[in-house]
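For reference, the chains in residue letters:
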Amino acid sequence: MSKEHIVIFDTTLRDGEQSPGASMNTEEKIQIASQLEKLGVDVIEAGFAAASPGDFDAIARIAQRVKNSTVCSLARALEKDIKAAGDAIAAAPKKRIHTFIATSPIHMEYKLRMKPDEVIKRAVEAVQYARTFVDDVEFSLEDAGRSEMGFMKEIIDATISAGAGTINIPDTVGILLPQEVAERIAELKAFIGNRAIISVHNHNDLGLAVANSLAAIQSGARQVECTINGLGERAGNAALEEIVMALKVRSDVFDNVETGINTREIYPTSRLIASITGIEPQPNKAIVGKNAFAHESGIHQDGVLKNKQTYEIFAPEEIGLDVNDTLVLGKHSGRAAFKDKLEKLGFTLDEEELNEAFARFKELADKKKDIYDDDLRALVTSQMTNIEKTWELVALQLMDSTGGVPSAAVTIRKNDGSEVTDAGIGDGTIDAVFKTIDRITGYHGLLKDYKVKSVSQGKDALASVTVQVAFNDNEPAVIGHGLSIDTMFASAKAYLGALNSYISMEGMLKKRPQGSGCNV
Ligand SMILES: CC(=O)SCCNC(=O)CCNC(=O)[C@H](O)C(C)(C)COP(=O)(O)OP(=O)(O)OC[C@H]1O[C@@H](n2cnc3c(N)ncnc32)[C@H](O)[C@@H]1OP(=O)(O)O
Ligand SMILES: CC(C)C(=O)C(=O)O
């Protein structure tokens, strides 16, 4: 019996980016899109072209780069959004416009302030206009989970006739239970038949997004929208890795369907997203959490030592988690091993990028005894943020004593080659560093958030610092990342990263809510 294909529609770069703090810059998005293509996703929702010039640019560049997956942009049911989407994806060999409008009574009355008839008319016009750009148009009934069945059928009928090939039934607020999803999708499948592919897009507000997606597949949905690590607005979306592995591990139940996902790329993709967004999956997260294959208790360990299957329902290798990876990188490693390792971790670098990363790896290996995979991920992802370095940290000297006044001497280099040194005091050492940088650069930053985490293991672990700084009262905070084995050095780099990002986007900031800068 030939199996039916489940279209895996990844929206990490669109809905995933709607997770607070998950904004990614263009270079990072391109890297992620390439990895999603390697993972084998059918559709990459690369962003919302009308949202900002930065989003448009990222989608356009992904459209030029990605060859095997369909590149998609979201668009409201508005001419200007659809035009932006169509223009942004124009270069892609396979392209889709995804247009949507809300269909629930509460959204139509209070948010859109439109009558149901107007909503249908707008949806039809949107789909027809989208078809002037592409053959592949998806229409979503936003808040379908709270929409009336009769009205959904009416708008679905009209939009299929207007040219939509995929009809998406999102549970936008994550309110449905698996049984309800199963019944609703079965009824819509009977209504739609083979006129369009039924898709689902489930949010995780009650922790049911994956269960609901699987229930939908059992009722006839043939596209699932999902994100890596379950990122997404509020409590997130259905996690791609959980859906795909559930389909695979329980192929006895899902015996009539298959996906095109190369499951061995799941773990590298998850790590790439975590290191770029700084959002780690919770340790007990299914499939990709740090503890997903850890056996802590004696009885379990005993069982696993005798036969792994006593407590493991699939082998970690199936998701590309190589527990026996014996390739150890250190100061004596060469380019070949380095490149091979990066490829295993999901990075595809061109020659110039590889040379730069290799030089930085050697510098790190001189300072640090053990280089872990997470060190390499941090090293490469920080390099990918192609923000022009207007200011670069050269040296940092700190003085702090109990009861004394913390002070910092900072030397930074401007992009014209000139170096400036100054010293200042502050309420703490970090405050002293940031204030001194302000004095030298002439900017005044207000620190909104400061986070430090250890990237790998051991006393010489890399410190990764993320700051959010507002450089102007009227503008939102800018993100900066810094990486060093010294926490204060990493902090200064993160602050300069945010400043460099702010300077490079000064003109654009009024349109774009958040930037991301990185200094290593
Ligand atoms: C369920 C989802 O996840 S939908 C995707 C959500 N993602 C985003 O919103 C991220 C990108 N968004 C943005 O950058 C901005 O909201 C923009 C650029 C799209 C719009 O910005 P603004 O023009 O300032 O509008 P704002 O965001 O304040 O309000 C949204 C407007 O779109 C309207 N709208 C919402 N959905 C739709 C739709 N599907 N079709 C048509 N109009 C819509 C709202 O009714 C509201 O209109 P109003 O201003 O006439 O009341
Ligand atoms: C635009 C749609 C698909 C969406 O993100 C939602 O309804 O949650």
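Residues numbered from 1 in each chain as written. Chains lettered and ligands numbered in written order. Predicted model: local features only at pLDDT ≥ 70, side-chain atom pairs only at ≥ 80, totals over all residues.

The name recorded for the protein in an unreviewed UniProt entry is 2-isopropylmalate synthase, from Nitratifractor salsuginis. Taken verbatim from the UniProt record of the protein, the Function (unreviewed entry) comment is "Catalyzes the condensation of the acetyl group of acetyl-CoA with 3-methyl-2-oxobutanoate (2-ketoisovalerate) to form 3-carboxy-3-hydroxy-4-methylpentanoate (2-isopropylmalate)." On record in UniProt, under Pathway (unreviewed entry), the comment for the protein is "Amino-acid biosynthesis; L-leucine biosynthesis; L-leucine from 3-methyl-2-oxobutanoate: step 1/4." (UniProt positions renumbered as here; feature names shortened; annotations may be inferred.)

> Looking at this structure, how should I read helix H9 (residues 240-249)?
An α-helical segment advances 3.6 residues per turn. Residues three or four places apart therefore align on the same side. With 8 of its 10 residues buried, H9 lies for the most part within the structure. Buried within H9 are the following residues: Leu240, Glu241, Glu242, Ile243, Val244, Met245, Ala246 and Leu247. (Buried ≥ 20, exposed ≤ 12 C-beta atoms within 10 Å, placed from the backbone. Helix = DSSP H or I, 4+ residues; strand = E, 2+ residues; numbered from the N terminus.)

> How should I be thinking about the packing of helix H1 (residues 26-39) against helix H10 (residues 266-277) in this particular structure?
Packed helix pairs are specified by the crossing angle of their axes together with the interaxial distance, meaning the distance between the axes. Running from N to C, H1 and H10 cross one another at 165 degrees; their axes reach a closest spacing of 10 Å. By the angle between their axes, H1 is roughly antiparallel relative to H10. Between H1 and H10 the crossing geometry is left-handed. Within the contact between the two elements, H1 uses Glu28, Ile32, Gln35, Leu36 and Leu39 and H10 uses Ile266, Thr269, Leu272, Ile273 and Ile276. When grouped by side-chain class, the residues that make up the contact of H1 with H10 number 7 nonpolar, 2 polar and 1 charged. (Axes fitted to C-alpha atoms, helices over the stretch in contact; angles between N-to-C directions. Parallel < 35°, antiparallel > 145°, perpendicular 65-115°, else oblique. Left-handed = near helix turned anticlockwise from the far one by under 90°. Contact = placed C-beta atoms within 7 Å. Nonpolar A, V, L, I, M, F, W, Y, C, P; charged D, E, K, R; others polar.)

> Looking at this structure, how should I read the pairing of strand S4 (residues 70-76)?
Two faces, one strand: in a regular strand the side chains alternate between the faces of the sheet. Burial of S4 is extensive: 6 of the 7 residues sit out of reach of the surface. Two elements, strand S3 (residues 43-47) and S4, share 4 bridges in a ladder whose sense is parallel. From the neighbouring strand, Gly47 faces S4, where its bridge partner is Ser73. Between the parallel pair S3 and S4, the chain is carried across by helix H2 (residues 53-65), and the sense of this crossover is right-handed. Across 6 bridges, S4 lies against strand S5 (residues 95-102) in parallel orientation. Among the inter-strand pairings, Arg76 is bridged to a residue of S5, identified as Phe100. Handedness of the crossover is the feature at issue here: the chain leaves S4, passes through helix H3 (residues 79-88), returns alongside S5, and the resulting connection is right-handed. (Pairing = 2+ DSSP bridges. Right-handed = clockwise from strand over helix to strand, strands pointing away.)

> Honestly, the sheet that holds strand S13 (residues 419-425) in this entry has me stumped. Any pointers?
Hydrogen bonds along the backbone pair up the strands of a sheet, which may run parallel or antiparallel. The strand order across the open sheet built from 3 strands is S11-S12-S13, with neighbouring strands paired in antiparallel fashion. Unpaired on one side and paired on the other, strand S11 (391-399) and S13 mark the two borders of the sheet. The sheet shows a mean angle of 20 degrees between the axes of neighbouring strands, direction not considered. The pairing of strand S12 (residues 407-414) with S13 spans 7 bridges and is antiparallel. Note on S13: the bridge partner recorded for Val410 is Asp422. In the packing of helix H15 (residues 429-441) onto the sheet, the strands contacted are S11, S12 and S13, and the crossing angle to S12 comes to about 40 degrees.

> Explain the packing of helix H5 (residues 116-131) against helix H6 (residues 149-162) to me, please; I cannot follow it from the model alone.
Running from N to C, H5 and H6 point in directions that differ by 25 degrees, and their axes come no closer than 8 Å. By the angle between their directions, the pair H5 and H6 is classed as roughly parallel. Both H5 and H6 take part in a crossing whose hand is right-handed. Residues Pro116, Val119, Ile120, Ala123, Val124, Val127 and Gln128 of H5 pack against Phe151, Glu154, Ile155, Ala158, Thr159 and Ala162 of H6. In terms of residue class, the contact of H5 with H6 is made up of 10 nonpolar, 2 polar and 1 charged.

> I tried to follow the UniProt feature "domain: Pyruvate carboxyltransferase" (unreviewed entry) in the protein on my own but got confused; where do I start?
UniProt records the feature "domain: Pyruvate carboxyltransferase" (unreviewed entry) at residues 6-267, using the numbering of this structure. The distance separating the terminal C-alpha atoms of residues 6-267 is 21 Å; by composition the span is 43% helix and 18% strand.

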